[in-house]
Amino acid sequence: RGKKLGYSVGAFNGSGESRRQNNTAVMWSARVWADPRGEYKLSESATEAPAKGLLHVGLAVRGGDAIKGGRTTVVQYPDDQTAVALELAWKKHAAFLTGEAFWQKSQVANPAEGPDVEALGWHLQGGYMVLTRRLELAGRYAEVDPDREASGDRTTELRGGINYYWKGHNLTLQPDLGRLTSAPGGPGRSSRRAAARE
């Protein structure tokens, strides 16, 4: 029957992959998931979906230091973040559907202290095999609001695609066409945060 329950936990320190260490703060994360109808392999599309259908539910939380990459101005006092995400996925026969929503709060303290910033985001993605295990039509919609208190900073994505699987996910052709719309504020660059740092 495969695995039906699982969890993972971790604590991380550093500046991101292949970058020199620039702080001593720690980011931690934890995730739990359940597959009540049998193991749900985390691969997109319904190339291997059984006739009975599979359901996946997961919950993840994260806190502590937000990894900043190579920002040299951030050395010892990074902006703390707290984030929660809920994930859902379903497969049955020729259909595939997945979605996720997240909430995040950033405590702005570097380089200057400012008001906390709350962000929301979600996506919904699905596909249907018009030729069993071979040809799939797929679509996706997503939204990210990096600062709920600011206006004009939301990003949306609308995308459609056609996927052809010669050998499952090992050999696939995936052309797609979509529209990514970003407001002038831009992701993570809200006017409210900028004003707090001036």
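All figures in this text were calculated on a predicted structure; none of them were measured in a lab.

**As for the layout of surface pockets**
Right, on to step 1. If you add up the space inside the second largest pocket, you get close to 280 Å³.
Right, on to step 2. Along the wall of the second largest pocket there are 18 residues; nearest its centre are Glu 44, Gln 125, Ala 138, Asn 163 and Gln 174.
Right, on to step 3. Elements represented by at least two residues in the lining of the second largest pocket include exactly strand E6 (117-131), strand E7 (135-145) and strand E8 (155-165).
Right, on to step 4. Examining the composition of the lining of the second largest pocket, we find that five residues originate from one element, E8, more than from any other.
Right, on to step 5. Classifying every residue of the lining of the second largest pocket gives four nonpolar, nine polar and five charged.

**Observations regarding a positive patch on the surface**
Right, on to step 1. There is a patch of like positive charges on the surface, built from Lys 4, Arg 37, Lys 52 and Lys 92.
Right, on to step 2. Examined against the element boundaries, Lys 4 turns out to sit in the segment before strand E1 (5-12).

**Comments concerning the environment of Ala 150**
Right, on to step 1. Among the secondary structure elements, Ala 150 is positioned in the loop between E7 and E8.
Right, on to step 2. Classification of Ala 150 by relative accessible area gives buried; the value is 13%.
Right, on to step 3. A C-alpha to C-alpha distance of 9.8 Å links Ala 150 and Glu 118, two positions 32 residues apart in sequence.

**Focus: the confidence of the model for the protein**
Right, on to step 1. Residues of the protein with pLDDT of at least 70 account for 78%, and the chain-wide mean is 82.
Right, on to step 2. pLDDT under 50 marks residues 69-76. Its contacts with residues more than four places away, or in other chains, come to 15 contacts.
Right, on to step 3. A low-confidence stretch, residues 188-198 (pLDDT under 50), is modelled with 25 contacts involving residues beyond four sequence positions or located in other chains.

**Observations regarding the pattern of salt bridges**
Pairs may arise between side chains of opposite charge once their charged atoms sit close together.
Right, on to step 1. Per the stated rule, a full pass over the model turns up eight salt bridges.
Right, on to step 2. Residue Arg 31 pairs with Glu 87 through a salt bridge whose shortest N-O separation is 2.7 Å. Separated by 56 residues along the polypeptide, Arg 31 in strand E2 (residues 27-34) and Glu 87 in strand E4 (residues 80-92) bring together distant segments of the chain.
Right, on to step 3. Between Asp 176 and Arg 159 there is a salt bridge, with its nearest N and O atoms 2.8 Å apart. In this pair, Asp 176 is assigned in strand E10 (residues 176-182) and Arg 159 in strand E8, connecting sequence segments 17 residues apart.

**Topic: unusual backbone geometry**
Right, on to step 1. Even without a glycine there, the phi angle at His 93 is positive, about 55 degrees.
Right, on to step 2. Here His 93 lies in the loop between E4 and strand E5 (95-107).
Right, on to step 3. Among the residues examined, His 93 registers a relative accessible area of 53% and is labelled exposed.
Right, on to step 4. A positive phi angle, near 60 degrees, is found at Arg 133, a position not held by glycine.
Right, on to step 5. Tracing the backbone through its elements, the reader meets Arg 133 in the loop between E6 and E7.
Right, on to step 6. Classification of Arg 133 by relative accessible area gives partly exposed; the value is 46%.

What counts as what
- Residues numbered from 1 in each chain as written.
- Predicted model: local features only at pLDDT ≥ 70, side-chain atom pairs only at ≥ 80, totals over all residues.
- Heavy atoms only, no water.
- 1 Å grid on protein atoms, 1.4 Å probe; cavity = no way out; pocket = protein on both sides within 12 Å on 5 of 7 lines; lining within 4 Å.
- Points joined across faces, edges and corners; volume = space filled by probe spheres on them.
- Helix = DSSP H or I, 4+ residues; strand = E, 2+ residues; numbered from the N terminus.
- Nonpolar A, V, L, I, M, F, W, Y, C, P; charged D, E, K, R; others polar.
- Patch = residues over 30% accessible without salt bridge, like charges linked within 9 Å, V, L, I, M, F, W, Y side chains within 5 Å.
- Areas by Shrake-Rupley, 256 points an atom, 1.4 Å probe, with all protein chains shown as cover.
- Salt bridge = Lys/Arg side-chain N within 4 Å of Asp/Glu carboxyl O.
- Lys, Arg positive; Asp, Glu negative; His and termini not counted.
- Charge placed at Lys NZ, Arg CZ, Asp CG, Glu CD.
- Buried < 20%, exposed > 50% of the residue type's maximum accessible area, 1.4 Å probe, protein only.
- pLDDT = per-residue confidence, 0-100.
- Contact = heavy atoms within 4.5 Å.

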